[in-house]
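Below are the chains, spelled out letter by letter.
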Amino acid sequence: MPKVRVHNVTISLDGFAAGANQRLDAPFGDGVGWGDDLHSWFVSAAEDSAAEKSGIDVDYFVRGDRNIGATIMGRNMFGPQRGPWEDESWKGW
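Residues numbered from 1 in each chain as written. Predicted model: local features only at pLDDT ≥ 70, side-chain atom pairs only at ≥ 80, totals over all residues. Heavy atoms only, no water.

## Here we look at the confidence of the model for the protein chain
Move 1: Averaged over all residues, the pLDDT of the protein chain is 77; the fraction at 70 or higher stands at 80%.
Move 2: Here helix α3 (residues 75-78) stands out as the least confident element of the protein chain, with mean pLDDT 67; helix α2 (residues 56-63) is the most confident, with 88. (pLDDT = per-residue confidence, 0-100. Helix = DSSP H or I, 4+ residues; strand = E, 2+ residues; numbered from the N terminus.)

Structural data, given as structure tokens:
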């Protein structure tokens, strides 16, 4: 039987992966942006990996995508809508 794992997730020490009030102009919520403290290591590791640099963060970044068969993504990860899906033009973050 295949194994299931969670990968490429950054959480704060108090257990949060996003801030409050997730919306179109703030996909990670208030106070948490793509380049902010919570995710800055990931952005830097991706850039360093593309530049063929090495380091512990780059190693974790590269290993995080090995042997991934599929990524299961919930509605909240795809967009900020709540309730009935009313806008079919939305194509995701």
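And the narrative resumes.
## Points about the environment of G64
Move 1: Inspection of the secondary structure assignment puts G64 in the loop between α2 and α3.
Move 2: G64 gets classed as buried once you look at its relative accessible area, which sits at 11%.
Move 3: Taking the C-alpha atoms as reference points, G64 and V9, 55 residues apart in sequence, are found 9.6 Å from one another. (Buried < 20%, exposed > 50% of the residue type's maximum accessible area, 1.4 Å probe, protein only.)

## Comments concerning the packing of helix α1 (residues 37-50) against α2
Move 1: Interhelical geometry of α1 versus α2 gives an angle of 85 degrees and a closest axis separation of 8 Å. With respect to α2, the axis of α1 lies roughly perpendicular. Contacts between α1 and α2 involve W41, F42, A45, A46, D48 and S49 from the former and D57, V58, F61 and V62 from the latter.
Move 2: A class-by-class count of the residues in the contact of α1 with α2 yields 7 nonpolar, 1 polar and 2 charged. (Axes fitted to C-alpha atoms, helices over the stretch in contact; angles between N-to-C directions. Parallel < 35°, antiparallel > 145°, perpendicular 65-115°, else oblique. Contact = heavy atoms within 4.5 Å. Nonpolar A, V, L, I, M, F, W, Y, C, P; charged D, E, K, R; others polar.)

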